[in-house]
Each structure stands twice: as structure tokens, then as C-alpha cells.
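Summary of the model geometry
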Amino acid sequence: MTETIIVDRKDRVGLITLNRPKALNALTLQVMHEVVAAAQEFDRDPGIGAILITGSAKAFAAGADIKEMQPQSYLDVYLSDWFAGWDALARVRKPTIAAVAGYALGGGCELAMLCDILLAADTAKFGQPEIKLGVIPGIGGSQRLTRAVGKAKAMELCLTGRMMDAEEAERAGLVSRVVPADRLLDDALETAATIASMSLPTAMMAKEAVNRAFESSLAEGILFERRLFHATFATADQKEGMAAFVEKRAPHFTHR
Ligand SMILES: CC(C)(O)CC(=O)SCCNC(=O)CCNC(=O)[C@H](O)C(C)(C)COP(=O)(O)OP(=O)(O)OC[C@H]1O[C@@H](n2cnc3c(N)ncnc32)[C@H](O)[C@@H]1OP(=O)(O)O
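Residues numbered from 1 in each chain as written. Predicted model: local features only at pLDDT ≥ 70, side-chain atom pairs only at ≥ 80, totals over all residues. Heavy atoms only, no water.

Bringing the sheet that holds strand S10 (residues 177–179) into the picture now. The strand order across the open sheet formed by six strands is S1-S2-S3-S5-S7-S10, and the pairing between neighbours is mixed. Edge positions in the sheet fall to strand S1 (5–10) and S10, since each has one partner strand and no second. Taking each pair of neighbouring strands and ignoring which way they run, the sheet shows an average axis angle of 20°. As defined by bridge partners, strand S5 (residues 96–100) adjoins strand S7 (residues 117–121) across four bridges and the pair is classed as parallel. Bridging across to S7, alanine 99 finds its partner in leucine 119. Each of S1, strand S2 (13–18) and strand S3 (50–54) is contacted by helix H1 (residues 29–44), which is oriented at about 175° to S2, the strand it contacts most. Sheet contacts for helix H5 (residues 107–114): S2, S3, S5 and S7; angle to S5, the most-contacted strand, approximately 145°. (Pairing = 2+ DSSP bridges. Helix = DSSP H or I, 4+ residues; strand = E, 2+ residues; numbered from the N terminus. Axes fitted to C-alpha atoms, helices over the stretch in contact; angles between N-to-C directions. Contact = heavy atoms within 4.5 Å.)

Structural data, given as C-alpha cells:
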């Protein structure tokens, strides 16, 4: 039992809800440890096929906890490699979704971008306002935001601290879809459940293949994709998926 997050499961979906509403879900190191531990637990759980991270109606997360950071010295943050723990979330192998309503600022935007799919409520506001605090993004914001929205917009957001609304974030390619706020959780759960109903090894390979596009040349990425495509033929789920299509019935994947 924890206080800063709520961990739940719905069918094959692992649900992590940030739960510091009075502090707009500001991300302390404790929150980080709990989110990462919960995600890793779901990653190990064969009964889970997708992981969903969400916050409250007012804030997904308004950033790293400024009150926790304020007293730290250079040596404190350097020696403890402050925030390096979040990198573990990028190594979760199952598909992850961030469902964002309200503020996703600084570390909040970075947490959302650590996920594979970003769904936004029409109330969502994204930004990297660290510059207003005299710092720069520290959980990958300058890198992932630039890859998502391009240099021009990322540079403006990081240098001015301006927030962008959900519509602008969708146009810029940061979010996959915007939905009415009162539909966000249901919609995100539906999306997660759809992914979790697919063959787990195939979904994991699809995730790996898409992520490889950011880390290799086109030729290397295409070769990587082809090898994984070949590998899907070693799974029972490929036999089942194609048989089901030919027999005009729904597939029953066993995740093997
Ligand atoms: C990881 C890195 C390196 O990338 C760094 C970061 O993430 S740095 C943090 C980046 N985020 C911000 O700078 C946003 C800070 N918050 C705000 O600007 C405002 O809170 C707001 C615009 C999101 C919302 O404003 P408002 O509705 O007026 O609410 P507030 O009264 O300001 O906040 C309510 C309550 O929450 C506390 N709060 C909000 N954000 C944080 C935060 N990031 N860290 C710690 N606490 C936060 C705020 O202090 C209020 O609590 P009380 O002081 O009233 O107890």
C-alpha cells in the first residue's frame, strides 16, 4: 500500500495513478521509486499486457517536486545522479500509455514522454518550464520533446517555458489523440485493453521495432524490423492469428 500512487489492474491492464492531488502530483523521488517499481512489477507479470499511467483531472503531474529540489547542491544531485532512476521506465518492455489531463509540466511532460503512447484530454497542457526556475529539463525533455515535435517548437518551449494545449500538442505530434476530459480514462483503458488483447510477444516486438527508428539508420531499422517480423513466425500467436483470419473468426492469443 502506498500513498503517492494507486496501483490497480483491470483485466490485462496495469493501472498506475499518481496520487498527490494537493501538490498537483509533483514528482518526488519517492513517487519515482513507486512508479518505476509498479511498472517493473507489471512488466514481470505474465497476466499484464499493457501499462497505463494517469494523474488527476487537474494535473497529470506539474513537474518534479520543486520543494524537494530547492535545497540540493550540485554535488548532491551529481553524486546521487538525481532523476537517473526514471530511465528504468524507458526499459519497460511492455507497451506503456500515459493518459494526460490538466498540467503535464517539466518532469510531468517528461514522464508522459517516457511512455509509448500519449493520450490527452482536451484540458491537457504540456510544457518544459524549467527555464523559469533557472534549470533545464533533466528527465529527457530536451531530447524526447525535440524528437516528438521537432527542433523549432521544442526550442521555443524549452527557452520560453510556454505551455501548449492539447490541440497544439496533437498537431505537433506529441500526442496520438485528444479526447473529451470526461472520456479520458475510459478511452485510455479501452486502448490499453485493446493492446493487451493482442499477442504479448508480438506487441513487445512492435514496440521494439518502432523505438529502434529513433536509434538507428533507416537501413539498420528496416533490417531490425525484418528480423523481428521473421521471429513472429516462431510464435503460436502468428499461427493462431493467421488461421483465425482464414477461418473468419476472432483470434485467441495465448501470448506464446
Ligand atoms: C525534472 C526537471 C529537471 O525537468 C525539472 C522539473 O520538473 S522542474 C518543475 C517544472 N514545473 C513547474 O515549474 C510547474 C510548477 N507549478 C506551477 O507553475 C503551478 O503550480 C501551476 C501553473 C502548475 C498551477 O498553478 P495553480 O493552479 O495556481 O496551483 P498552485 O497553487 O501553484 O499549486 C497548488 C499546489 O501544488 C504545489 N505545486 C505545484 N507544482 C509543484 C511542483 N512542481 N513542485 C512542488 N509543488 C508543486 C504548489 O506549491 C501548491 O502547493 P502549496 O504551496 O499551496 O502547498
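What follows picks up the thread again.
Below, the discussion takes up the site of the ligand. Within the structure, the ligand sits among 25 residues, and Ala64, Lys67, Gly107, Glu110 and Glu130 are positioned closest to it. Between the ligand and alanine 62 there is a distance of 2.9 Å, counted from a nitrogen atom to a backbone nitrogen or oxygen. Contact with the protein chains covers 66% of the free accessible surface of the ligand, which is 1,000 Å². Within the residue set of the shell around the ligand, elements represented by two or more residues are helix H2 (66–69), strand S6 (103–105) and H5. (Near = heavy atom within 4 Å. Polar contact = N/O pair within 3.5 Å; in protein donor to acceptor, adjacent residues only side chain to side chain. Areas by Shrake-Rupley, 256 points an atom, 1.4 Å probe, with all protein chains shown as cover.)

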